[in-house]
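What follows is each chain in one-letter form.
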Amino acid sequence: MIQKAQQFEKVALPHLGAAYNLARWLVRDEHIAEDMVQEAYIRALKYFDSFKGGDIRPWLLGIVRNTCYTWMQVNKHGDAALEFDEDRDSGAHAAAVGSADNNPEAMLLGKQESARVNFAIKSLPPVFREMIILREMEGMSYDEIAAVAGIPAGTVMSRLARARTMLRAELNCPLIKEDE
């Protein structure tokens, strides 16, 4: 059992940040996201023997996703009631502070634009929000996202296209990066 736990720790802990990021965007509360990741990691350890090898990230994020969706079903009011705090829940502020241009006006405009984009992402239904998070923030491939969500890659592509269309409409922006 100790060897199993050590092996799990070795392969799963490097993905803790991605797991928390996905959970935080899905449940939109940092404390609940921490609980969801902890619960997901406990489940993953319990079923680690069923992992068939390869890249553990999609398998692990699939467990995080399912844990979050189960919580959201039980707490239906939670998805609409939870607030996403731009300063707390995004790395945009840290990026602006560390940038070469510390012009207060530029920082304020950047923060406002980041808040606007985060609000637009937050307003997406969870199935579309997760596509944007996994593709754009976590840099996952269609196949990896398909493994996480348990859907065909074609469905990932169509959901991602719909999510981007919704974002464009929300932001009144004609161009949001499309995959080539």
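See the structure printed just above.
A few points on the structure. (Residues numbered from 1 in each chain as written. Predicted model: local features only at pLDDT ≥ 70, side-chain atom pairs only at ≥ 80, totals over all residues. Heavy atoms only, no water.)

With respect to the overall build of the chain
Stated formally: Numbering of helices and strands starts at the N terminus; helices are DSSP runs of H or I of at least 4 residues and strands are runs of E of at least 2. Working rule for contacts: check all heavy atoms of both residues, and any pair within 4.5 Å makes them a contact. Values of accessible area rely on a 1.4 Å probe in the Shrake-Rupley scheme; residue burial ignores everything except the protein chains shown.
Along the chain, the regular secondary structure elements total 11 helices and zero strands. Across the chain, every contact between residues at least 6 apart in sequence was considered, and the portion connecting residues at least 24 apart equals 66%. When the accessible surface of the chain is totalled, it reaches about 10000 Å², and 57% of it is carbon and sulfur.

Structural notes on the packing of aromatic side chains
The condition is simple: By convention, a stacked pair of Phe, Tyr or Trp rings (six-membered ring in the case of Trp) has centres within 6.5 Å and planes under 30 degrees apart, an edge-to-face pair has planes over 60 apart, and any other such pair is tilted. For the exposure calls, accessible area comes from a 1.4 Å probe over protein chains only, and a residue counts as buried if that area is under 20% of its type's maximum, exposed if over 50%, partly exposed in between.
Evaluation of the coordinates by the stated rule reveals five aromatic pairs. Ring plane angle 10° and centroid distance 6.2 Å describe the contact between Phe-48 and Phe-51, whose orientation is recorded as stacked. For Phe-51, a relative accessible area of 18% translates into the label buried. Seen from their ring centres, Phe-51 and Trp-59 are 5.2 Å apart, and the 45° between their planes marks the pair as tilted.

What to know about the pattern of salt bridges
For side chains bearing opposite charge, pairing can occur when the charged atoms are close. Selection rule: Criterion for a salt bridge: a side-chain nitrogen of Lys or Arg within 4 Å of a carboxyl oxygen of Asp or Glu.
Considering all chains together, one arrives at five salt bridges under this definition. Residues Glu-39 and Arg-43 are paired through a salt bridge, measuring 2.6 Å at the closest nitrogen-oxygen approach. Taken together, the positions of Glu-39 and Arg-43, both in helix 3 (residues 30–46) and four residues apart, correspond to about one turn of that helix. Note that Arg-57 and Glu-138 form a salt bridge whose closest N and O atoms lie 3.8 Å from each other. Residue Arg-57 is found in helix 4 (residues 56–74), and its partner Glu-138 is found in the loop between helix 9 (126–137) and helix 10 (142–149); the two are separated by 81 residues along the sequence. Across this residue pair, the class does not change: Arg-57 and Glu-138 are buried.

Topic: the environment of Tyr-41
As a reminder of what qualifies: Residues adjacent in sequence count toward polar contacts only when both atoms are side-chain atoms; beyond that, a polar contact is any pair of N or O atoms within 3.5 Å, and within protein one must be able to donate a hydrogen and the other to accept it.
Tracing the sequence through the fold places Tyr-41 in helix 3. Owing to a relative accessible area of 9%, Tyr-41 belongs among the buried residues under this scheme. Put simply, Tyr-41 and Thr-67 are 26 residues apart on the chain and 9.9 Å apart in space, counted from C-alpha to C-alpha. Not counting residues within four places of it along the chain, the set of residues in contact with Tyr-41 comprises Phe-8, Ala-12, Leu-13, His-15, Leu-16, Ala-19 and Leu-60. Here Leu-16 takes part through its backbone nitrogen, which lies 3.2 Å from a polar atom of the side chain of Tyr-41.

Remarks on helix 3
Test applied: To estimate how far a helix should extend, the number of its residues minus one is multiplied by 1.5 Å.
A rise of 1.5 Å per residue sets the reference length of helix 3, with its 17 residues, at 24 Å; its end C-alpha atoms lie 24 Å apart and thus fit the reference within 8%. Residues of helix 3 that are buried include every one of Glu-30, Ile-32, Ala-33, Met-36, Val-37, Ala-40, Tyr-41 and Ala-44, and no others. The N-terminus of helix 3 is capped by Asp-29, whose side-chain oxygen sits 3.0 Å from the backbone nitrogen of His-31.

Here's the deal with the side chain of His-15
Its location among the elements puts His-15 in the loop between helix 1 (2–12) and helix 2 (16–27). The contacts of His-15, once residues within four sequence positions are left out, are Tyr-41, Ile-56, Arg-57 and Leu-60.

Thoughts on the environment of Leu-160
In this fold, Leu-160 is placed in helix 11 (residues 153–171). With relative accessibility at 1%, the residue Leu-160 sits in the buried group.

Topic: the packing of helix 2 against helix 3
Worth spelling out the cut-off: For every element, the axis is a line fit to its C-alpha atoms; helices are fit only across the contacting stretch, and the angle between N-to-C directions ranges from 0 to 180 degrees. Just so you know how the angles are binned, under 35 degrees is roughly parallel, over 145 roughly antiparallel, 65 to 115 roughly perpendicular, and the rest oblique. Two helices cross in a left-handed way if the nearer one is turned anticlockwise from the farther one by less than a right angle. They cross in a right-handed way if the turn is clockwise. Classes in brief: Ala, Val, Leu, Ile, Met, Phe, Trp, Tyr, Cys and Pro nonpolar; Asp, Glu, Lys and Arg charged; the others, Gly included, polar.
Helix 3 packs onto helix 2 with a crossing angle of 130° between their chain directions and a minimal axis gap of 8 Å. Compared by their axis directions, helix 2 and helix 3 come out oblique. The chirality of how helix 2 crosses helix 3 is right-handed. The residues of helix 3 that touch helix 2, namely those facing Leu-16, Ala-19, Tyr-20, Ala-23, Arg-24 and Val-27, are Glu-30, Ile-32, Ala-33, Glu-34, Met-36, Val-37 and Tyr-41. Residues of the contact of helix 2 with helix 3, tallied by class, amount to 10 nonpolar, no polar and three charged.

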